[in-house]
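Structural characterization, general
Chain by chain, the residues:
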Amino acid sequence: MKKIRSFFAIIMVIALTGIPVISYAKELEGNGDYNENTEILEQTNLAQLPELTAVNPEVEMSTLFCNAFDTIETDLTLNSLDASDIIKQRTTNRLPDNPLFILDDQLTVSDTIGIHLFTVTSNKFLMAQLNVANEDCMVRIYFVDFSTGTLTPSNIVKTAGELMVVSNLPTGDYAFVVSSLDNEPDISYTLSVNAVNPAGNLKRAYWLTSDLQEAGLLYTSNHLYSNGNLVFNFNNPAEHDLNWLRIYEVKWSGGYSEKTHEIYNVVLNSRQPYMTSQDGGPGIFSYKATSVSADHAVILNLGVGTGFSYMDSNYQSGGKHNMTMTDIFGKKTPRNLDQDDFDMNLGEFQIIYDLDKGKVVDFYGPLNFFYQTGAETVESLKEL
């Protein structure tokens, strides 16, 4: 009998308030973060990337670095580049540890190669790119031995404009060595580096800015990292703080109106805890609504048992104070979402988790007064 009364109460609410089935269209285009570097990284077969190893300079350097090193080496069969002076000055030529950095420098007549030292304090996923007008320039990773003052070339080398990717750069000391095959003087270049995320195999790159300074990398472990931080665990979303509270208040002379929504004790839909991408994997979206927006968001589907509270309070001078905690379905709150809420098929109950802020920023569903009445809308939802 209780379920029948609930059903008729719901029918009456729909009749009186005109509750529609609310939904938003998922646009398929990406946002501005998707650029050529994102596409290149997506298309790179990371499972087949070569491991970082030392190479035979007699072969590698004679074909790739012959002109660049003629001024400092006459014998190209040397096993390493003697860089004792550079290493002695390493504080002025050194990038930050685990660099997330953009370096501007120049090759000159007296300084025909650029040597930029750096250290990774744990195994890292490295991306780097040399941007320079001279297409004959290149950058190679070298192993650094501070005890002997030598740099030994690795097998990782890229020409100007190419994206360098090393999925597992072991803990240690390294150098980027920038050179030009034609040995032209006065070549200005920019070296962008991102080596803050942990080593591992990627499943997908959701975003990667053209300067490599911001990236959203999903590993095969279903952990999403951005700029060295674990921002979301798709295996266990509940480990994150998924509570949400919004207090909307309008004041005027002699009165006020306040509406409060709260989501707490979140239970996710066990069948489909989050909105997926077109390929069926974890979906990440840019989200823009009337009152809030998120460049990188996960859309989580709520389930039965999630706590919900609603309060509508108002007062006008000379009148009485009015307050109700009955939600738009006609049910008293605080309460847990029950099966009746979902059986009405009025739309999904979803929370929007902002990956950049590390918190839930919105609740979308038929129990949100602002969306249900049309006072606010979701303006766009774009898959990254």
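Check the entry above for the structure.
Starting afresh in each chain, residues are numbered from 1 along the sequence in its written order. Only residues with pLDDT of at least 70 get local features here, since the model is predicted, and only at 80 or more are side-chain atom pairs given and counted; chain-wide, interface and lining totals rely on the full set of residues. The basis for every side-chain value is the complete set of heavy atoms in the structure, and neither hydrogens nor water enter the calculation.

A separate point is the overall build of the protein chain. The way it works is that DSSP assigns letters per residue, a run of H or I at least four long becomes a helix, a run of E at least two long becomes a strand, and they are numbered from the N terminus. For the protein chain, the helix and strand inventory stands at seven helices and 23 strands. Across the 384 residues of the protein chain, 49% fall into the buried class. By definition in these notes, contact holds between two residues if any of their heavy atoms fall within 4.5 Å. Considering only contacts in the protein chain between residues 6 or more positions apart, those separated by 24 or more positions represent 70%. When the accessible surface of the protein chain is summed, it comes to about 18000 Å², and 48% of that surface belongs to carbon and sulfur atoms. Burial here depends on accessible area, computed with a 1.4 Å probe over protein chains only, as a share of the maximum for the residue type. Under 20% is buried, over 50% is exposed, and the range in between is partly exposed. For the area figures, the Shrake-Rupley method with a 1.4 Å probe applies, and any residue is considered shielded solely by the protein chains shown.

With respect to the helices, strands and loops of the structure, Gln-129 is situated in strand E4 (residues 124-132). We define a polar contact as two N or O atoms separated by no more than 3.5 Å, with the added condition that, inside protein, one atom must be a possible hydrogen donor and the other a possible acceptor, whereas residues neighbouring each other in sequence contribute only through side-chain atom pairs. Among the polar contacts made by the side chain of Gln-129, one reaches the main-chain carbonyl oxygen of Gly-161 at a distance of 2.9 Å.

Time to look at the pairing of strand E3 (residues 114-120). For a regular strand, the rule is simple: side chains alternate between the two faces of the sheet. Where burial is concerned, most of E3 is hidden: seven out of the seven residues are buried. Burial of the side chains of E3 extends over both faces: Gly-114, His-116, Phe-118 and Val-120 are buried on one face and Ile-115, Leu-117 and Thr-119 on the other. Here seven bridges tie E3 to strand E8 (residues 172-180), and the two strands are oriented antiparallel to one another. Paired with Gly-114 across the bridge in E8 is Val-178. If DSSP finds at least two bridges between two strands, the strands pair.

This part covers unusual backbone geometry. The step from Thr-333 to Pro-334 runs through a cis peptide bond, and the omega angle for that step is 5°. Relative to the assigned elements, Pro-334 resides in the loop between strand E19 (322-324) and strand E20 (335-336). For Asn-98, which is not glycine, the phi torsion reads 45° and is therefore positive. Tracing the backbone shows Asn-98 in the loop between helix H5 (84-88) and strand E2 (100-107). The backbone of Leu-212 shows a phi angle near 70°, a positive value even though the residue is not glycine. Inspection of the secondary structure assignment puts Leu-212 in the loop between strand E10 (202-208) and strand E11 (215-219).

Exposure above 30% relative accessible area and the absence of a salt bridge qualify a residue for a patch, where like charges join within 9 Å and nonpolar side chains (Val, Leu, Ile, Met, Phe, Trp, Tyr) within 5 Å. Salt bridges are identified by distance alone: a Lys or Arg side-chain nitrogen within 4 Å of an Asp or Glu carboxyl oxygen. Note on charges: Lys and Arg go in the positive column, Asp and Glu in the negative column, and His and the chain ends are not counted at all. All charge positions are set by atom: Lys at NZ, Arg at CZ, Asp at CG, Glu at CD. A cluster of acidic side chains, namely Glu-135, Asp-136, Asp-182 and Glu-184, defines a negative patch on the protein surface. Examined against the element boundaries, Glu-135 turns out to sit in the loop between E4 and strand E5 (137-145).

Spatial ordering of the open sheet is given by E2-E9-E4-E7, a layout of four strands whose pairing is antiparallel. Because the sheet does not close on itself, it has two edges, and the strands there are E2 and strand E7 (163-169). Neighbour-to-neighbour, the strand axes of the sheet open up by a mean angle of 20°, direction not taken into account. Note on geometry: axes are lines fitted to C-alpha atoms, helical ones only across the stretch in contact, with angles between N-to-C directions running from 0 to 180 degrees.

Once that is clear, we can look at the environment of Ile-113. Relative to the helices and strands, Ile-113 resides in the loop between E2 and E3. Its relative accessible area of 9% is what places Ile-113 among the buried residues.

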